[in-house]
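# Examination of the molecular architecture
Spelled out, the chains give:
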Amino acid sequence: MIWNRRGLTVFFALCFLALTFPAGQAAAAESLRVIMIGAHPDDAEYCAGGTAALWAASGAKVQLVAVTNGDAGHQSQGGGALARRRAEEATRASKVLGTSWRTLGFHDGELEPSLEVRKAVIRAIRDWQADIVILPRPNDYHPDHRYTAQVVQDAAYMVMVPNVCPETPRLEKNPVFMYFEDGFRKPIPFQADVVVDISAVQERKLKALAEMDSQMFEWLPWIDGQLDQVPADPAGRWEWFVKGWGRGRAGKDNPHYGMLAERYGAERAGKVTHAEAFEICEFGRQPTREELWTLFPK
């Protein structure tokens, strides 16, 4: 048999996957469909970009969704021009992560938990045939975040009801709904049910976020009063960004070290520099811990 360079590349890639993922696990990963729903372009990427990249690398189909189009998130731009710019940024970021991306197109800063928004979310989850849906928790500083959480929770049962949005076929199996991690403590703090070691793809996550230059190098520094600290040259900006956004908490300094040690063993947990955590939403299908830990990338 004569092998060309492309054939050898494919062969060794398949060998790597076979060694990395047992046959059953690889098949399960390839059939898994995950949708991550944030309020704005960059929300899902920031909260779970590393996990999304790991899932995508294992063969899972992952879609990141922004309920709003981000048309208000800038100090000097806005409207349709900003929405188009942010869609372009999010599309570039999704290519870095290996995912797909879409927006439901509602106005940034004006989101309400209306029937219209709920139906759009129901259709998005059904269109993707999602097995797992990840969303914000409903206690958050930003109304768009809170209302995104509300409408996704409201959709959790309705995705299976045939007479709701009948033009989009219902899901026959309710997805697992999970929350992104946050630091808000009232009324109830975040409680992790699964933690994912993203150390190996942390740089890829940062590169994806850096594609969203309107946010990472303009809007967020401006709203924090730090725009004058952003370097003008690309190399300097990247170094500044990694220093500010890439800090990790290794070993027992990681707040999720205990669960990391349970899932990965103490030796690997001690080397984890970056992790993403998720909590089961009480709505939707309730997996066992064993199933949940199998579903999420390891």
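As a starting point, this report considers the structure included with it.

Calculation notes
- All residue numbers refer to positions counted from 1 along the written sequence of the respective chain.
- Local features in a predicted model are, by the rule used here, given only for residues with pLDDT of at least 70; side-chain atom pairs are given and counted only at 80 or more, and totals for whole chains, interfaces and linings are based on all residues.
- To obtain the side-chain values, all non-hydrogen atoms of the structure were included, while hydrogens and water were left out.
- Per-residue accessibility, obtained with a 1.4 Å probe over protein chains only, is compared with the maximum for each type, and a residue is labelled buried under 20%, exposed over 50%, and partly exposed between these values.
- We count a stretch as a helix when DSSP gives it H or I for four or more residues in a row; a strand needs E for two or more, and each element gets its number in order from the N terminus.
- We call two residues in contact when some of their heavy atoms are within 4.5 Å.
- Helix axes are fitted to C-alpha atoms over the stretch in contact, other axes to C-alpha atoms as well, and angles between N-to-C directions run from 0 to 180 degrees.
- Working definition: roughly parallel below 35 degrees, roughly antiparallel above 145 degrees, roughly perpendicular at 65 to 115 degrees, and oblique for all remaining angles.
- For a crossing to be left-handed, the near helix must be turned anticlockwise from the far one by less than a right angle; the clockwise case is right-handed.
- Any residue outside Ala, Val, Leu, Ile, Met, Phe, Trp, Tyr, Cys, Pro, Asp, Glu, Lys and Arg is labelled polar, Gly included; the first ten of those are nonpolar and the last four are charged.
- Side-chain atoms within 4.5 Å are what join buried Ala, Val, Leu, Ile, Met, Phe, Trp, Tyr and Cys residues into a set we call a nonpolar core.
- Ring pairs shown here join Phe, Tyr and Trp side chains whose ring centres sit within 6.5 Å, with only the six-membered ring taken for Trp; geometry is labelled stacked below 30 degrees between planes, edge-to-face above 60, and tilted in between.
- Should the NZ of a Lys or the CZ of an Arg lie within 6 Å of a ring centre and within 35 degrees of the ring normal, that charge is described as sitting over the ring.
- A strand pair is defined by DSSP finding two or more bridges across the two strands.
- What a helix is expected to span follows from its residue count: subtract one and scale by 1.5 Å.
- Seen with the strands pointing away from the viewer, any crossover whose path from the first strand over the helix to the second strand runs clockwise is right-handed.

Looking now at helix H7 (residues 202–210). Of all the positions in H7, only Gln202, Lys205, Leu206, Ala208, Leu209 and Ala210 are classed as buried. Lining the buried residues of H7 we find helix H3 (43–58), helix H4 (79–97), helix H8 (213–223), helix H9 (234–245) and strand S7 (275–284).

Where H4 contacts H7, the axes come no closer than 8 Å and their chain directions differ by 165 degrees. Overall, the two elements H4 and H7 adopt an arrangement that is roughly antiparallel. For the element pair H4 and H7, the recorded crossing hand is right-handed. Contacts between H4 and H7 involve Ala93, Val96 and Leu97 on the former and, on the latter, Arg204, Lys205, Lys207 and Ala208. Tallied by class, the residues present in the contact of H4 with H7 amount to four nonpolar, no polar and three charged.

What follows covers the nonpolar core. One finds Met36, Trp55, Ile132, Ile134, Met178, Phe278 and Phe296 to be the most contacted residues of the largest nonpolar core, which totals 42 residues. The dominant element in this core, judged by the number of residues it contributes, is H3, at six residues.

With that settled, consider the packing of aromatic side chains. Per the stated rule, a full pass over the model turns up nine aromatic pairs. Here the aromatic rings of Trp219 and Trp222 are separated by 5.6 Å at their centres, their planes lie at 25 degrees, and the arrangement is stacked. Of this pair, Trp219 and Trp222 are both found in helix H8, three residues apart, which corresponds to roughly one turn of the helix. A ring pair is formed by Phe278 and Phe296, whose centres lie 5.1 Å apart and whose planes are at 40 degrees; its orientation type is tilted. Taken together, the positions of Phe278 in strand S7 and Phe296 in the segment after helix H12 (289–295) put the pair 18 residues apart, joining distant regions of the chain. Phe296 shares its class with Phe278; the two are buried. For Arg33, the ring lying beneath its charged end belongs to Trp128, and the centroid distance is 4.4 Å. Between Arg237 and the ring centre of Phe217, over which it is positioned, the NZ or CZ distance is 4.3 Å.

Our next topic: the sheet that holds S7. Strand order across the open sheet formed by seven strands is S3-S2-S1-S4-S5-S7-S6, with mixed pairing between neighbours. Here the strands that pair on one side only, and so sit at the sheet edges, are strand S3 (100–106) and strand S6 (194–197). Going from strand to strand, the sheet's axes swing by 25 degrees on average, the running direction of each strand aside. Relative to strand S2 (residues 61–68), strand S1 (residues 33–38) runs parallel, the two sharing six bridges. Opposite Arg33, over in S2, you have Lys61 as the bridge partner. Contacts from H4 reach S2 and S3, with the element oriented near 155 degrees to S3.

Time to look at helix H6 (residues 143–158). Helix length check: H6 (16 residues) gives 23 Å between terminal C-alpha atoms against 22 Å at 1.5 Å per residue, within 8%. For H6, the complete set of buried residues consists of Asp144, His145, Thr148, Ala149, Val151, Val152, Gln153, Ala155 and Ala156.

We now examine the environment of Arg247. If you trace the backbone, Arg247 turns up in the loop between H9 and helix H10 (257–264). Taking the relative accessible area as the measure of exposure, Arg247 reaches 65% and is therefore exposed. Along the primary structure Arg247 and Val151 are separated by 96 residues, whereas in three dimensions their C-alpha atoms are 33 Å apart. With residues up to four places along the chain from it excluded, the contact list for Arg247 reads Val242 and His274.

Attention now moves to the pairing of strand S4 (residues 132–135). Here S4 shows two buried faces, one formed by Ile132 and Ile134 and the other by Val133 and Leu135. Here three bridges tie S1 to S4, and the two strands are oriented parallel to one another. Bridge assignment links Ile35 to a residue of S4, and that residue is Val133. Pairing between S4 and strand S5 (residues 176–180): four bridges, direction parallel. Within S5, the position partnered with Ile134 by the bridge is Met178. Following the chain from S4 across H6 to the adjacent parallel S5, one finds a crossover that is right-handed.

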